[in-house]
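Listed below, chain by chain, are the residues.
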Amino acid sequence: MSHRYCPECGFQNPESSNYCARCGALLVRDEPGVDTTMTFTPEAGELEPQDTLHEAGVTGPALVVRSGGGRAGEVFTPQGERTTIGRSPDCGIFLDDVTVSRRHAVLVERHGAYVIEDLGSLNGTYVNRRRIEEPAQLSDGDELQVGKYRLTFLAR
């Protein structure tokens with residue numbers, strides 16, 4: 001019987017498994033010619049956020065890229081009630097990298113507050129280094145991770 005090793009925890013699973021029996025991670029199969037999202041494991045990064053809103057002349061809520069894809073310092077402002085984040089050019093926040101799903105997450109404005117919701121992405125969406133399973137309310141200074149991108153949410 002052949003086995004597949006989990007890319008997250010290393011657990012040995014039966015070849016027919018799609019998910020790890022120990023940690024639940026997706027066991028990715030390599031299929032040539034299929035455009036899929038690549039697995040990415042979050043790593044610790046720099047802890048001090050760079051507040052570039054004032055320099056950029058942005059007022060109101062924004063996401064500032066802290067690291068990833070050579071886009072540090074880039075500022076995104078939410079557009080309307082729902083702002084999608086993903087690898088698709090149709091997304092309001094377009095992050096063009098294979099570690100980001102086509103429609104990875106959505107930033108939703110509710111009564112002046114913002115929540116982030118994962119849209120079933122392969123690599124998940126993290127708030128303050130914790131993977132979210134349910135929509136998470138964002139506070140000023142929260143760190144988001146989408147694929148290899150680290151972003152800081154600024155409410156001001």
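Here the structure is shown first, and the text comes after it.
Here is a short report on the structure shown in this document. (Residues numbered from 1 in each chain as written. Predicted model: local features only at pLDDT ≥ 70, side-chain atom pairs only at ≥ 80, totals over all residues. Heavy atoms only, no water.)

## Section: the overall build of the chain
Moving on, step 1. Scanning the chain from terminus to terminus reveals one helix and 13 strands.
Moving on, step 2. Reading the secondary structure of the chain in the N-to-C direction produces β-β-α-β-β-β-β-β-β-β-β-β-β-β.
Moving on, step 3. A total of 156 residues make up the chain; the buried ones form 40% of that total.
Moving on, step 4. Relative to all contacts within the chain whose residues are 6 or more apart in sequence, the contacts with residues 24 or more apart total 35%.
Moving on, step 5. For the chain, the accessible surface area stands at approximately 8,900 Å², while carbon and sulfur atoms represent 47% of it. (Helix = DSSP H or I, 4+ residues; strand = E, 2+ residues; numbered from the N terminus. Buried < 20%, exposed > 50% of the residue type's maximum accessible area, 1.4 Å probe, protein only. Contact = heavy atoms within 4.5 Å. Areas by Shrake-Rupley, 256 points an atom, 1.4 Å probe, with all protein chains shown as cover.)

## Points about the sheet that holds strand β10 (residues 130-131)
Moving on, step 1. One open sheet holds the six strands; their spatial order is β4-β3-β13-β12-β9-β10, and the pairing between them is antiparallel. Edge strands, defined here as strands with exactly one partner in the open sheet, are β4 (75-76) and β10.
Moving on, step 2. Strand direction decides the pairing type here: strand β3 (residues 62-67) and strand β13 (residues 149-154), joined by five bridges, are antiparallel. Bridge pairing in β13 places V64 opposite T152. (Pairing = 2+ DSSP bridges.)

## Observations regarding the nonpolar core
Moving on, step 1. The biggest cluster of nonpolar side chains holds 20 residues, and the ones touching the most others in it are L63, I85, L95, I116 and L151.
Moving on, step 2. The set of elements that each furnish at least two residues to this core consists of β3, β7 (105-110), β8 (113-118), β12 (143-146) and β13.
Moving on, step 3. Considering each element in turn, this core owes the most residues, three residues, to β13.
Moving on, step 4. Apart from residues lying up to four places away in sequence, L151 is in contact with L63, V64, V65, R66, F76, D142, E143, L144 and V146. (Core = buried A, V, L, I, M, F, W, Y, C linked by side-chain atoms within 4.5 Å.)

## Observations concerning the environment of S88
Moving on, step 1. Mapped onto the fold, S88 is located in the loop between β5 (82-86) and β6 (93-94).
Moving on, step 2. Given a relative accessible area of 16%, S88 falls into the buried group.
Moving on, step 3. Sequence spacing of S88 and H104 is 16 residues, and the spatial spacing of their C-alpha atoms is 9.1 Å.
Moving on, step 4. When neighbours within four sequence positions are excluded, S88 is seen to be in contact with F94 and R102.

## As for a nonpolar patch on the surface
Moving on, step 1. A cluster of nonpolar side chains, contributed by Y19, L26 and V28, occupies part of the molecular surface with about 270 Å² of accessible area.
Moving on, step 2. One can find L26 in the loop between β2 (12-14) and α1 (53-56).
Moving on, step 3. Residue class for L26 comes out partly exposed when judged on its relative accessible area of 34%. (Patch = residues over 30% accessible without salt bridge, like charges linked within 9 Å, V, L, I, M, F, W, Y side chains within 5 Å. Salt bridge = Lys/Arg side-chain N within 4 Å of Asp/Glu carboxyl O.)

## Focus on the pattern of salt bridges
Moving on, step 1. Counted by the stated rule, this structure contains five salt bridges.
Moving on, step 2. The partner of E143 in a salt bridge is R66, with the nearest N and O atoms 3.2 Å apart. Here E143, found in strand β12, pairs with R66, found in strand β3; they are 77 residues apart in sequence, far enough to count as distant.
Moving on, step 3. The class of E143 is buried, set by a relative accessible area of 8%.

## Overview of the pairing of β7
Moving on, step 1. Relative to β7, β5 runs antiparallel, the two sharing four bridges. Within β7, the residue paired with T83 across the bridge is L107.
Moving on, step 2. By the bridge criterion, six bridges tie β7 to β8 in an arrangement that is antiparallel. The residue bridging R110 from the neighbouring strand is A113, located in β8.

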